[in-house]
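Each chain, letter by letter, is given below.
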Amino acid sequence: MSREATDNGIRVEGLIKEFPGQRVLDGLDLTVADGEFVCLLGPSGCGKSTLLNILSGLDGDYRGSVRFGGQPMAPGGKPPVTIGYLFQEPRLLPWLTAERNVDFALENSRVPRARWAAIKDRYFALTGLQAFRHYYPHQLSGGMAQRLSLVRALAIEPDVLFMDEPFSGLDELTARRLRVDLLDIWRETGKTILFITHNSYEATFLGDRVVVLSRGGIRDQITVQVPRPRDYDDAALFQVGKTVSATFIDAAEAAERDRH
Ligand SMILES: Nc1ncnc2c1ncn2[C@@H]1O[C@H](COP(=O)(O)OP(=O)(O)OP(=O)(O)O)[C@@H](O)[C@H]1O
């Protein structure tokens with residue numbers, strides 16, 4: 001297989017997005033390497049969701065170029081790779097069991113039916129949900145429901161995972177466990193991940209790199225050179241988190257000044 005066919009990196013160049021009366025993205029350049037875990041941090045309204053909407057092919061009204069693994073995405077077209085999503089809320093179908101929720105995603109994917117059982121076994125096991133396959137969403141805790149939405153996102157064998165504040169609705173203890181499990185799954189699957197968060201320390205714990213957005217572009221990027229597996233109580237990680245947090249606050253204050 002050629003390198004081109006296996007490269008699931010993302011390359012965004014000169015991205016401009018305007019809504020009536022405002023330019024939200026102003027020539028944004030962003031590269032995410034194949035298999036890299038990049039966290040996007042930025043003040044409310046800086047365009048994080050707008051960027052994900054463009055990268056997902058939901059919003060084709062932009063200027064600039066988007067490439068996945070070197071393949072261009074035509075404006076108004078679909079991404080040339082499979083994308084898995086995780087949102088802040090699990091977005092499960094309440095009338096289907098956990099397993100049927102995953103089947104529903106598989107039915108709408110290109111994954112051959114012959115592989116479904118093995119895929120489900122793998123991801124239910126990786127997320128610790130094997131005993132809950134026949135539960136309905138209302139029988140699951142918030143953390144379990146978010147684990148199930150991770151199974152669903154992974155089951156379609158995405159090349160890239162987009163995660164939009166997936167743990168922000170959970171209590172901190174559950175969020176901590178899920179972050180550790182996500183890193184285990186990432187290590188095992190090698191997916192390219194773009195993860196949006198408002199939490200500087202979460203971004204630092206998870207990411208290879210934290211990209212801080214502001215005023216339509218990248219304000220700063222911080223490479224997290226702390227070895228993995230990481231420990232929440234590691235002083236070196238905390239130091240990087242402080243730098244990320246200070247950069248984020250600068251960006252938020254700059255955005256605030258722009259508004260006044
Ligand atoms: N459909 C739309 N029509 C007009 N303006 C929009 C639309 N969608 C987003 N915007 C504006 O674009 C800007 C960026 O919004 P976006 O939702 O991308 O920000 P965000 O960084 O994801 O914010 P948050 O962290 O609060 O989710 C905001 O000022 C928002 O009001």
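Residues numbered from 1 in each chain as written. Predicted model: local features only at pLDDT ≥ 70, side-chain atom pairs only at ≥ 80, totals over all residues.

1. A short note on unusual backbone geometry
Note the cis peptide between R228 and P229, where omega equals -5 degrees. Take P229: it is sitting in the loop between β10 (217–223) and α8 (235–259). One non-glycine residue, R91, lies in positive phi territory at about 55 degrees. As for its position among the elements, R91 is in the loop between β6 (83–86) and α3 (98–107). Given 13 C-beta atoms within a 10 Å radius, R91 is considered partly exposed. Of note in the backbone geometry, E157 takes a positive phi value of approximately 55 degrees without being a glycine. You can call E157 partly exposed: it has 15 C-beta atoms within 10 Å. (Helix = DSSP H or I, 4+ residues; strand = E, 2+ residues; numbered from the N terminus. Buried ≥ 20, exposed ≤ 12 C-beta atoms within 10 Å, placed from the backbone.)

2. Quick notes on helix α2 (residues 48–55)
Side chains three or four residues apart in an α-helix point the same way, a direct result of the helix having 3.6 residues per turn. Taken across its eight residues, α2 has six buried, putting it largely inside the fold. Of all the residues in α2, the buried ones are K48, T50, L51, L52, I54 and L55. G57 sits one or two positions beyond α2 and adopts a positive phi of about 85 degrees.

3. Some remarks on the UniProt feature "domain: ABC transporter" (unreviewed entry) in the protein chain
Following the UniProt record, one finds the feature "domain: ABC transporter" (unreviewed entry) at residues 10–240. End C-alpha to end C-alpha, residues 10–240 measures 25 Å, and it is 32% helix and 27% strand. (UniProt positions renumbered as here; feature names shortened; annotations may be inferred.)

4. Brief notes about helix α4 (residues 116–126)
All of the buried residues along α4 are K120, Y123 and F124. All buried residues of α4 project into a common sector of 100 degrees when viewed along the axis, lining one side. Turned more than 90 degrees away from the buried face of α4, the exposed residues are A118, D121 and A125. Each element contacted by the buried residues of α4 is listed here: α3 and α5 (142–155). (Arc of directions from axis to C-beta. Contact = placed C-beta atoms within 7 Å.)

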